[in-house]
Amino acid sequence: MLEVRSLRKEFGDFVAVDDVTFSLPEQGSLAIVGESGSGKTTTARMIAGLETPSGGTVAVAGAERGPGRPRPRARRARGRRIQMVFQDPYSSLDRHQRVGDAVAEAVALHQDLPAAGRRARVAELLDLVGLDERQARSLPKALSGGQRQRVAIARALAAQPRVLILDEAIAALDVSIQAQILALLARIRADTGTALLFITHDLGAVRHISDDVLVMRAGRVVEHGPVGSVLDAPEDPYTRRLIDSIPKPGWKPRRRGEKAA
Ligand SMILES: Nc1ncnc2c1ncn2[C@@H]1O[C@H](COP(=O)(O)OP(=O)(O)OP(=O)(O)O)[C@@H](O)[C@H]1O
Ligand SMILES: [Mg+2]
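The shown structure was predicted, so the numbers you read here are calculated from the model rather than taken from an experiment.

*Asks:* Any chance you could break down the site of ligand 1 for me, citing the residues and the numbers?
*Replies:* If you check the shell around ligand 1, you find Phe11, Phe14, Ala16, Glu35, Ser36, Gly37, Ser38, Gly39, Lys40, Thr41, Thr42 and His201 and nothing else. Glycine 37 places a main-chain nitrogen or oxygen 2.8 Å from an oxygen atom of ligand 1. Residue histidine 201 places a side-chain N or O atom 3.4 Å away from an oxygen atom belonging to ligand 1. Relative to its unbound accessible surface of 640 Å², ligand 1 loses 59% to contact with the protein. Secondary-structure elements contributing two or more residues to the shell around ligand 1 are β2 (14-24) and α1 (40-47). Ranked by residue count, the leading element in the shell around ligand 1 is α1, at three residues. Looking at side-chain class alone, the shell around ligand 1 contains three nonpolar, seven polar and two charged residues.

See the structure below:
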């Protein structure tokens, strides 16, 4: 579904992303973790076509693109295949537009449907993300952070993306809402085959939602593998420090070769 090869981004002399390579199968789920400034968002923005790579290639569902500005048509096509949800859903919503209309607008943008079909699709999306009729008639300010994030996810799903990127998208929400949204994402993945690229500082969430994890440091990949092996028995000292720096009740990482406690 997504094939990223030797991706690189320079900002002047500074190399923000250096030789990042990974792939994501249909229905796959990959988490990218790493300290602040390690290049996670820049990588995601290049994949989504919001930032031009300095080098390397991104292929989405077989269509490849390298450095250079994409043509508008290619950009729109990619927009349909990849959608990105950001940390702050408030900034992406029009505060004067009812959220049901915001979802309808996204549907109209991506699918050519008659009015009745569009209404049905909007209802389906609102239902999928767990928003009811009353909430659909509300303005963004009348919703909670978790509800707004659901609106952002519904709008992203309106494009029927093959890859959904969430960049710290649930970091600001409280734990019970986070759990609900993680469950929602798992359901979407199972129902639609959409692959998830999940950027987070929350290693608990990574265990919950991702098959694989990629650890970035200073723009480079330091470790990449199945969640269980990377988080339980990290090979790289940086990964071990990253795991140690996050308090987790109930378990601690062990070194490879060490017996489980
Ligand atoms: N437009 C830009 N111009 C110059 N430098 C940039 C630009 N965007 C990002 N950077 C730099 O690239 C590096 C990687 O930034 P990025 O936002 O990808 O990190 P991140 O891993 O997402 O961090 P965080 O966890 O804090 O979100 C940082 O040092 C940042 O300052
Ligand atoms: Mg970031």
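Past the structure itself, the notes keep going.
*Asks:* Let's hear about the nonpolar core: which residues, and what values?
*Replies:* Of all hydrophobic cores here, the largest spans 35 residues; its most connected members are Val85, Ile153, Leu157, Leu164, Leu166, Leu185 and Phe198. When residues of this core are traced back to their parent elements, those giving at least two are α4 (99-110), α5 (115-128), α7 (145-157), β7 (163-167), α8 (175-192), β8 (195-199) and α9 (203-209). The element contributing the most residues to this core is α7, with six residues. Within the second largest apolar cluster, 25 residues are counted, among which are Val4, Val17, Met84 and Ile199.

*Asks:* Residue-level account of α1, with values.
*Replies:* Counting buried positions along α1 gives six out of eight residues, so the element sits mostly inside the fold. Where α1 is concerned, the buried positions are Lys40, Thr42, Thr43, Ala44, Met46 and Ile47. Immediately downstream of α1, the backbone of glycine 49 shows phi near 80°, a positive value.

*Asks:* Outline the sheet that holds β7, supporting the account with residue identities and numerical values.
*Replies:* Paired through backbone hydrogen bonds, the strands of a sheet run either parallel or antiparallel to each other. Strand order in the open sheet formed by six strands is β6-β7-β8-β3-β9-β10, and the pairing between neighbours is mixed. Of all strands in the sheet, those bounded by a partner on one side alone are β6 (82-85) and β10 (220-226). For this sheet, the mean inter-axis angle between neighbouring strands, taken without regard to orientation, is 15°.

*Asks:* Outline the pairing of strand β9 (residues 212-217), listing residues and values.
*Replies:* Relative to β9, strand β3 (residues 29-33) is paired through four bridges, and the arrangement is parallel. The residue bridging isoleucine 32 from the neighbouring strand is leucine 214, located in β9. For β9 and β10, the ladder comprises six bridges, and the chain directions are antiparallel. For aspartate 212, the partnering residue across the bridge sits in β10 and is proline 226. Count of turn residues in the β9/β10 antiparallel hairpin: two residues, of which alanine 218 carries a positive phi of about 50°.

*Asks:* Describe the environment of aspartate 174, naming the residues involved and giving the relevant values.
*Replies:* On the secondary structure map, aspartate 174 appears in the loop between β7 and α8. By relative accessible area, aspartate 174 is classed as partly exposed at 47%. The sequence separation of aspartate 174 and glycine 146 amounts to 28 residues, and the corresponding C-alpha distance is 8.3 Å.

*Asks:* Tell me what's going on with unusual backbone geometry, and back it up with residues and numbers.
*Replies:* Of note, glutamine 27 is a non-glycine position whose phi angle comes to about 65°, a positive value. The phi dihedral of glutamine 160 falls on the positive side, at around 50°, and the residue is not glycine. For glutamine 160, the position within the fold is in the loop between α7 and β7. Accessibility expressed as a relative area gives 46% for glutamine 160, which makes it partly exposed.

*Asks:* Give a description of the packing of α4 against α7 that names residues and reports values.
*Replies:* Where α4 meets α7, the axes come as close as 8 Å, and the angle between the chain directions of the two elements is 20°. Accordingly, the angle class assigned to the pair α4 and α7 is roughly parallel. The handedness of the crossing between α4 and α7 comes out as right-handed. Only Val151, Ala154 and Arg155 of α7 make contact with α4, whose side of the interface consists of Val99, Ala102, Val103, Glu105 and Ala106. A class-by-class count of the residues in the contact of α4 with α7 yields six nonpolar, no polar and two charged.

*Asks:* Got a sec to walk through the side chain of glutamine 111? Specific residues and values, please.
*Replies:* Looking at the secondary structure, you find glutamine 111 in the loop between α4 and α5. Excluding its chain neighbours within four sequence positions, the residues that come into contact with glutamine 111 are Arg121, Ala158 and Gln160.

Calculation notes
Residues numbered from 1 in each chain as written. Chains lettered and ligands numbered in written order. Predicted model: local features only at pLDDT ≥ 70, side-chain atom pairs only at ≥ 80, totals over all residues. Heavy atoms only, no water. Near = heavy atom within 4 Å. Polar contact = N/O pair within 3.5 Å; in protein donor to acceptor, adjacent residues only side chain to side chain. Areas by Shrake-Rupley, 256 points an atom, 1.4 Å probe, with all protein chains shown as cover. Helix = DSSP H or I, 4+ residues; strand = E, 2+ residues; numbered from the N terminus. Nonpolar A, V, L, I, M, F, W, Y, C, P; charged D, E, K, R; others polar. Core = buried A, V, L, I, M, F, W, Y, C linked by side-chain atoms within 4.5 Å. Buried < 20%, exposed > 50% of the residue type's maximum accessible area, 1.4 Å probe, protein only. Pairing = 2+ DSSP bridges. Axes fitted to C-alpha atoms, helices over the stretch in contact; angles between N-to-C directions. Parallel < 35°, antiparallel > 145°, perpendicular 65-115°, else oblique. Left-handed = near helix turned anticlockwise from the far one by under 90°. Contact = heavy atoms within 4.5 Å.

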